[in-house]
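# Understanding the architecture of this molecule
So the chains spell out like this:
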Amino acid sequence: MALTGVLRPGFAQLRVLDMEKALEHYTKRMGLYEVTTGHDGRVYLKCGDEFDHHSLVLRQCDQAGIDMFAFKVASDADLDAFEARIADYGFAVDHVAAGEQPGMGRRIGWTIASGHRIELYAHADLSDPKPMIHNPDVWDLEPHGMAARRMDHCLLYGQDIEKNLDFFTKVLDFKCAERVDMPDGLLAIWLTCSTKAHDIAFVKYPEPAKLHHVAFELKDWHAVGHAGDIITRYNISVDVGPTRHGITRGETIYFFDPSGNRDEVFAGGYTYYPDNPTRTWDETQVGKGIFYYERKLNDAFLSVVS
Amino acid sequence: MTYKITVEGAGEATCYEDERALVAMERAQGFGRLRGLARKLPVGCRRGGCGICRVLVLEGDYRSDPMSRSCVSAEDEARGLVLSCAIYPLSDLTVRLETPCLNKPGILPAAQTSGE
């Protein structure tokens with residue numbers, strides 16, 4: 001089956017308390033590139049192995065957190081088809097004109113049950129740096145910092161993730177790759193629209209619209225170790241790792257940007273196909289599922305969000 | 001130059017010039033100097049975004065980094081209810097832990113799996 005409909009995560013828009021510090025963190029330390037700054041002061045960034053215009057938007061604000069998470073769909077017609085399905089499901093869909101973000105086509109947006117704004121778009125201009133396509137070298141500009149290759153997924157916290165599961169699988173055609181069920185109900189879901197183990201994940205939480213982390217993919221375990229060296233060298237606030245997740249199998253570090261938004265850099269993870277059964281975890285092994293080597297949750301996993 | 005941070009009911013921390021109060025408190029806990037704490041010192045993002053390290057400053061002067069308004073309102077900040085990761089002592093301080101109630105019922109697992 002070819003990838004159709006929702007293709008992949010496109011961009012995350014984060015709120016930052018100090019733009020200058022945020023830019024140093026995301027460009028010099030994590031290895032992203034600044035593409036452009038918009039008229040309203042939002043700054044647009046990308047990873048070197050991404051074609052599209054940007055994958056991370058930073059907005060100066062007095063509150064940290066996430067404004068929205070957007071996915072790219074395969075065609076303009078998909079936008080109309082999804083809009084009808086989303087509206088049928090009962091969510092109010094709004095429209096964002098092409099160019100509201102530099103380099104982006106028209107977008108549709110709505111709020112899901114956990115309080116997060118999700119958007120879809122079909123077109124993005126290309127921007128530099130990007131992978132070469134004729135007699136391509138492995139990169140155009142040599143990677144720097146943690147050498148993030150792409151913005152990969154996010155983990156969001158909010159209420160009513162049962163409804164998120166229903167919505168993403170029924171309306172956006174995602175699959176549930178893994179889930180955690182506690183004695184009192186569903187705790188967490190990992191959803192995919194691709195052959196990755198997750199493109200977005202949710203954990204149940206009493207407050208709406210919270211960010212746990214935005215994740216960036218690195219080349220391999222060695223790159224994760226190098227990221228750990230950078231985190232210590234530059235006194236970046238670390239949460240956990242390097243370690244591995246049992247869920248998705250990714251090798252990972254969680255750390256915080258200068259505004260307290262959690263970032264993840266990770267490598268690996270299994271290949272998911274849409275006919276794969278959902279992997280399930282229960283209360284007795286959830287610690288191993290989240291942090292495979294520690295085999296228990298740290299204090300921050302379920303309580304520290306922005 | 002160092003300043004003394006007295007954590008009410010728990011013990012004392014030594015904070016160096018231009019050091020976040022929370023970092024000094026974490027170090028003091030590691031050295032066994034906050035033995036009066038009922039539980040582990042709540043530590044989150046250490047960058048003013050998550051709110052879990054909230055304290056009320058009862059005495060002393062400090063300077064601050066921006067802290068997320070979703071955790072600390074301007075009124076809170078004015079009366080000394082701040083995030084300990086985002087303040088830098090300018091004198092000896094006395095603080096009271098004011099951890100927000102983030103571990104809401106039904107969220108934390110009843111029993112976390114041990115590493116054994």
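Since this is a predicted model, take the numbers as computed values, not measurements. (Residues numbered from 1 in each chain as written. Chains lettered and ligands numbered in written order. Predicted model: local features only at pLDDT ≥ 70, side-chain atom pairs only at ≥ 80, totals over all residues. Heavy atoms only, no water.)

Now for the overall build of chain A. A tally of regular secondary structure across chain A gives five helices and 17 strands. Its C-alpha atoms give chain A principal-axis dimensions of roughly 50 × 50 × 45 Å. Burial analysis of chain A (306 residues in total) assigns 58% to the buried set. Sequence separation of 24 or more characterises 68% of the internal contacts of chain A that already satisfy a separation of 6 or more. Working note: accessible area of chain A is about 12000 Å², and carbon and sulfur atoms make up 50% of it. (Helix = DSSP H or I, 4+ residues; strand = E, 2+ residues; numbered from the N terminus. Buried < 20%, exposed > 50% of the residue type's maximum accessible area, 1.4 Å probe, protein only. Contact = heavy atoms within 4.5 Å. Areas by Shrake-Rupley, 256 points an atom, 1.4 Å probe, with all protein chains shown as cover.)

Let us look at the sheet that holds strand β2 (residues 33-37) of chain A. Residue and element names in this part refer to chain A. Ordered in space as β2-β3-β4-β1-β5-β8-β7-β6, the eight strands form an open sheet in which the pairing is mixed. At either end of the open sheet lies a strand with only one pairing partner, and these are β2 and β6 (94-96). Pairwise comparison of adjacent strand axes, ignoring direction, gives a mean angle of 25 degrees for this sheet. Looking at chain direction, strand β5 (residues 65-73) and strand β8 (residues 117-121) are connected through four bridges and run parallel. (Pairing = 2+ DSSP bridges. Axes fitted to C-alpha atoms, helices over the stretch in contact; angles between N-to-C directions.)

On to the pairing of strand β7 (residues 107-111) of chain A, then. Residues and elements named next belong to chain A. With four of its five residues buried, β7 lies for the most part within the structure. Pairing of β7 with β8, which is carried by five bridges, proceeds in the antiparallel orientation. Paired with Arg-107 across the bridge in β8 is Tyr-121. Between β7 and β8, which pair antiparallel one after the other, the connecting turn spans five residues, and Gly-115 there sits at a positive phi close to 90 degrees.

Inspection of the entire model under this criterion finds 17 aromatic pairs over all chains. Their ring planes at 80 degrees and their centres at 5.1 Å tell us that A:Phe168 and A:Phe174 sit as a pair that is edge-to-face. By relative accessible area, which is 2% here, A:Phe174 ends up buried. Every member of this aromatic cluster is reached through a ring pair, and the members are A:Phe69, A:Phe71, A:Tyr89, A:Phe91, A:Trp110, A:Phe167, A:Phe168, A:Phe174 and A:Phe202. The ring centre of B:Tyr88 lies 4.1 Å from the NZ or CZ of B:Arg63, which sits over that ring. (Phe/Tyr/Trp six-rings, centres within 6.5 Å; stacked < 30°, edge-to-face > 60°. Lys NZ or Arg CZ within 6 Å of the ring centre and 35° of its normal.)

Another point: a nonpolar patch on the surface. All names here are of chain A. Among the surface-exposed residues, Phe-51, Leu-126 and Ile-133 lie close enough to one another that they form a single nonpolar patch of about 330 Å² accessible area. Relative to the assigned elements, Phe-51 resides in the loop between β3 (43-46) and β4 (56-60). The exposure class assigned to Phe-51 is partly exposed, which follows from its relative accessible area of 38%. (Patch = residues over 30% accessible without salt bridge, like charges linked within 9 Å, V, L, I, M, F, W, Y side chains within 5 Å. Salt bridge = Lys/Arg side-chain N within 4 Å of Asp/Glu carboxyl O.)

The next subject is the packing of helix α2 (residues 76-89) of chain A against helix α3 (residues 161-170) of chain A. All names here are of chain A. Look at α2 against α3: their axes get within 11 Å of each other, and the N-to-C directions meet at 145 degrees. For the pair α2 and α3, the crossing hand works out as right-handed. For the pair formed by α2 and α3, the contact residues are Arg-85, Ile-86 and Tyr-89 on the first element and Lys-163, Asp-166, Phe-167 and Lys-170 on the second. Of the residues assigned to the contact of α2 with α3, the class counts are three nonpolar, no polar and four charged. (Left-handed = near helix turned anticlockwise from the far one by under 90°. Nonpolar A, V, L, I, M, F, W, Y, C, P; charged D, E, K, R; others polar.)

What follows is about the domain arrangement of chain A. Residues and elements named next belong to chain A. Each assigned domain of chain A is listed here: domain 1 (6-121) and domain 2 (153-290). A C-alpha centroid distance of 19 Å is found between domain 1 and domain 2. Facing 37 residues of domain 1, the contacting portion of domain 2 comprises 40 residues. Both faces considered, domain 1 and domain 2 share a buried interface measuring about 3000 Å² in area, 71% of it formed by carbon and sulfur atoms. Of all residues in domain 1, Arg-29, Tyr-89 and His-116 give up the largest surface area on contact with domain 2, accounting jointly for 20% of the area buried on that side. (Domains from an automatic or database assignment. Buried area = accessible area lost by both parts, 1.4 Å probe.)

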